[in-house]
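Geometric and topological summary
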Amino acid sequence: MNGGLVGRPVSRVDGRAKVTGAARYPADDPVPGALHGFLVTSAVARGEVVGIDTSEALAHPGVVAVYTHLDLPRLTVPPFPYCKGFIPLQGTAVHHAGQPVAIVLAATVEQAQEAANLVRVDYRAEPPTASIDDATEPPHMPRPFRDRPNEITRGDAAEALVAAEVRLEVRYSSPTRHHNPIEPHATTAQWDGDRLTVHETAQGVNLTRSVLAVAFGLPPERIRVLAPFLGGGFGAKGPVWSHTILTVAAARLAGRPVRLVLSRAQMFTLTGHRAEFRQHLRIGATRQGKLTALVETTTAQLTRTEESIFNESDSTSTLYDCPNVHIRQEGVPLDIATSSYMRSPETTAHFGLETALDELSWELGVDPVELRRRNHTAVNQETGAMIRGKHLLDCYRIASEAFGWSRRAPRPGATKDGDEYVGWGMATEAHTFAAAPANPPVTASVTVGADGRAVLRIATQDIGTGTYTVISQVAADALGMPLDAVTAVIGDSALPFASVSAGSATIASVTGPVDKAARSARDAVVALAVADQRSPLAGVPADEVVTGHGHLFHVRDRARRDSYRAVLGRHGGPVEATGSLPNAPGHSYGAVFLEVRVHARLGSVRVTRVATAHDMGRVMNRRTARGQVLGGVTWGIGHALMEHTVYDRHTARVVNPNLSTYLVPVCADTPAVESHFVDRPDPGSTALGARGFGETPITGVPAAIGNAVYHATGRRVRDLPITRDKLL
Amino acid sequence: MRAFGYIPVREPAEAVRAVRRAPGAAFIAGGTDLLNLMRDGAQRHEHLVDINRLDLASITDSTRGLRIGGLARMRQVAEHRSVRENFPVLAEALEASASPQVRNMATIGGNLLQRTRCGYFRDAASPCNKRTPGSGCPALEGWNRGHAVLGGSEHCIAVHPSDLAVALLALDAVVHLLGPDGPRHVPMDGFHLRPGQAPHVDTVLRPAELITAVEVPRRTTAVRSRYLKLRDRATFEFAVVSVAAVLELRGDRVRDVRLAFGGIATTPWRSPEAEAVLRGAPLTVDAIERAGRALVREAVPRRHNGFKVALVQRALVELLSGLGGLR
Ligand SMILES: Cc1cc2nc3c(=O)[nH]c(=O)nc-3n(C[C@H](O)[C@H](O)[C@H](O)COP(=O)(O)OP(=O)(O)OC[C@H]3O[C@@H](n4cnc5c(N)ncnc54)[C@H](O)[C@@H]3O)c2cc1C
Ligand code: SF4
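None of these values were measured; they are calculated from a predicted model.

Moving on, we come to the site of ligand 1. Residue and element names in this part refer to chain B. If you check the shell around ligand 1, you find 31 residues, and the closest are Phe27, Gly31, Thr32, Thr107 and Asp163. Taking Thr107, its side chain carries an N or O atom lying 2.6 Å from an oxygen atom of ligand 1. For ligand 1, the protein covers 93% of the area, taking 960 Å² as the surface of the free molecule. Of the residues contributing to the shell around ligand 1, the split by class is 15 nonpolar, eleven polar and five charged.

Okay, here's the thing in structure tokens:
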């Protein structure tokens, strides 16, 4: 009736505001009377602060205060999603270089920064350990994190491995990587008595609120967190980090609002990262390539204060049909900052699995796509339940046809074009998306005003993925209004509850409530119309009224029509409705096929062609979905070919904490991407057939690149990133 | 970043006087390196003398050669017709540098004086002999993938990052200076200094000396010149290894060749040994490979940068065989 906005490639409703600067990000607007904060961070990685001299800093023009552990009140260390295990400035212990040891407040940012340079800190330093290779103690298996075991056992993997017709044993490794959203983390904290308002670069306004409530012992209702726009998160702004807590504490001590923005260098020590990782994989298979055993032991970087493992082995455990599985996720504590989730947490271990399958395919002489087909499962490997609406096989077919995979040269190193070897590679993509917690329920509210326009309110976030656009499409369709008659208001914890925008959970968890609220609002307006003698629809049964384009029609006699505006105008006030609907976690899938060119003598690697196909249930908006694919492919290229945080072995300081030496792909590194979608509604979805998707693309890209490099050159690089020195 | 005084000037002599008089002063041109160094706390200045208004931005082309004003912008030089036609190696080196935005701001003088990208140098909390003399060199035993295999000392192995300087070195350019004692000129070969005992001194520039121009002698042979830059991503990145070559052939023999290298040495690196191997000899892959071996004879690879020794030899073969029509 409305022409169906959902599913159409609607352009971003906030696009214009973003490119013109009208969109205000959390650190954009001045706060009257606010002081600017800057953190003094530890030069050493392990040891103790034995003295701090703040006198010179305090004497610097504009400086109002310098707070250290001697000044701050004792705070409660919150559980996940605070992932540091300790709050700085609560004592003298130093756990990593770059840990805050003082916070300076001044009238301007420049004054605060310079005064931070003037704080003299004396340390008692101990030699730190900066990498897994240098760890003195053996890896151990930590306690379960978020109730998820670090050991998974199915069948008898050890025995199956011994009995296997074919065995493969491989080791992969991968360095630390940082999220590096373009917008730095920023907090503006304002106390009003015992009420707190925080403008925060947050992927979850409610999550931030709950963490602050624990840290400061406040009822959550007294805290309001706002994040109307976000300049990228990628997981870095999902957890709440120590600078947020310290800024809030400093504002309370100073009795004035405080704004603190992290420097790029500080983002390398204060906001989490993808942990350094080792993976030992043993595979048993039949000669036909059917998996019979998967034995995986991974080693991730931990810290001495926090032992959570974020580089999960979901793919090894669930992606393929294999009766005998034994996974151990281990770790070693290092003296660097705590790691955290990074788009997508599975990628690190997924690289090993998808590379190993490629290695197996060459060993067996089975095409890698065929090998994956033979191990495809329609059954949840963990629960044994049928997976409904899984179309991974279609992804292989669609993407391989689009790419022209059938023309692949049968041997590695066989195709040369000029000075370059050409290689093709593929991998499966898979991602576990999260469900919003059931309590409190995710709730949307829709208000239709006297002007006949609708306002949609929900405390979700748009982290750059297109939430504003997609929820506006959903509400407009449900109401039967044009897109521009709906205004979405999000990113504020004072709005009806929604959960964090992480784990690809946003659209999956908010679409149902938004749709339901909008339908209820529509029904309420229809009810008003049919009960109103002045309406052309007076007396029509409500279920014979349809809506579209801002109007209400009789289903059989379209000449009998009314409009939202007229109905609400006569009613004399707005109509509001709310809706809640839970969602369940699940998986999205895809396949990526790509081509690389490797310079025969100079080892330069270029990704020159990419085709993808994804199965994410119903595609709500092809344009924003494609944006996720482009971003994921680009990230995958960075992951495979360049991204790498370097720690000095002796000091455990980050050597490349800036975007000049921490390389991410530039446009010239990223080819055109041909993206396809299966686009079949998931029968189990409560989100109009959609599943969580955002983090799915990227998961297979690094392995596909490594596999293509092997096909091009016959060289298998098992240690990322694949830089030219490894190919010479 | 510390507050600093700002002194705009209009005349070169005035600029020199201003830097000489004001304590802790430095010239600021495009500011694309200086401001980052100051923000990172790697360098401190009480005063910045803004030289952007000096009349030193023109490029003049004469029979003697090309005279490029010290304040000419990288983009302006790269787009100049004579540079493109007669000195392609220069245009290529500039276009392979930084990003269009940086090239719009950055000047030729500033480019030659940019400081190393060594991560320890730019991290004010790390020791570094170049930044804080006598504090040590963590790169020797630390992360040194980007560091020099030639020209280093036990005090510093940092690479000079300029692409432009490498091209100018191959072109036998001369740097014109104006100092408190008047003007002088210094050949590019010798302008940058190896670290030796004093890694904090990058060049022969004396206090308050201003780069007024760079002169590139006219040589018809420079038409056959090229720059090859290898890096870890496609653009907007410093060289892992780079080669500038100017080649003059007579028949299949090398009449003259000038080779300069970036990314592998503590200064833009000229290799008389490699040139000597090729000069007068027929240009063959074998001869180029011998020249490459001569280039790296004294190389001192470290834990992470050993690959540069092989890579620079391959890059040389790649560049010269292309330039000489061998492939
Ligand atoms: C992100 C990024 C990427 C880059 N990539 C590359 C690259 O790939 N290749 C490359 O070669 N360079 C690269 N650069 C460096 C860039 O080319 C230099 O920063 C630039 O050329 C410096 O010129 P400027 O005019 O901005 O100098 P400024 O920053 O203004 O000054 C630099 C230094 O030179 C001094 N100075 C400036 N002009 C004069 C003068 N006329 N006489 C005496 N002293 C003077 C200043 O006092 C200061 O010490 C990059 C820079 C950035 C920021
Ligand atoms: S290599 Fe040179 S610049 Fe780098 S840390 Fe050592 S002394 Fe400093």
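Next, the rest of the story.
Glancing now at the domain arrangement of chain A. All names here are of chain A. Looking at the assigned domains, one finds that chain A contains domain 1 (35-127 + 179-270), domain 2 (137-178 + 273-377) and domain 3 (436-580). Facing 19 residues of domain 1, the contacting portion of domain 2 comprises 18 residues. On the domain 1 side of the contact with domain 2, Phe80, Cys83 and His179 bury the most area, a combined 36% of that side's loss. Linking domain 1 with domain 2 are one salt bridge. Put simply, Arg46 and Asp335 hold a salt bridge, and the shortest N to O gap is 3.8 Å. On the surface where domain 1 and domain 2 come into contact, there are six residue pairs in polar contact (both at pLDDT 80 or more).

Before going further, it helps to examine the site of ligand 2. What surrounds ligand 2 is a group of 14 residues, the closest being Cys118, Cys128, Cys137, His155 and Cys156 of chain B. By residue class, the composition of the shell around ligand 2 is ten nonpolar, three polar and one charged.

Before going further, it helps to examine the sheet that holds strand 17 (residues 420-433) of chain A. Residue and element names in this part refer to chain A. Strand order in the open sheet made by the five strands is 16-17-25-26-27, with mixed pairing throughout. Each edge of the sheet is formed by a strand with only one pairing partner; in this case those strands are strand 16 (416-417) and strand 27 (673-677). In terms of strand pairing, strand 16 meets strand 17 through two bridges, oriented antiparallel. Its bridge partner lying in strand 17, Lys416 is registered against Tyr421.

About the thresholds
Residues numbered from 1 in each chain as written. Chains lettered and ligands numbered in written order. Predicted model: local features only at pLDDT ≥ 70, side-chain atom pairs only at ≥ 80, totals over all residues. Heavy atoms only, no water. Near = heavy atom within 4 Å. Polar contact = N/O pair within 3.5 Å; in protein donor to acceptor, adjacent residues only side chain to side chain. Areas by Shrake-Rupley, 256 points an atom, 1.4 Å probe, with all protein chains shown as cover. Nonpolar A, V, L, I, M, F, W, Y, C, P; charged D, E, K, R; others polar. Domains from an automatic or database assignment. Contact = heavy atoms within 4.5 Å. Buried area = accessible area lost by both parts, 1.4 Å probe. Salt bridge = Lys/Arg side-chain N within 4 Å of Asp/Glu carboxyl O. Pairing = 2+ DSSP bridges. Helix = DSSP H or I, 4+ residues; strand = E, 2+ residues; numbered from the N terminus.

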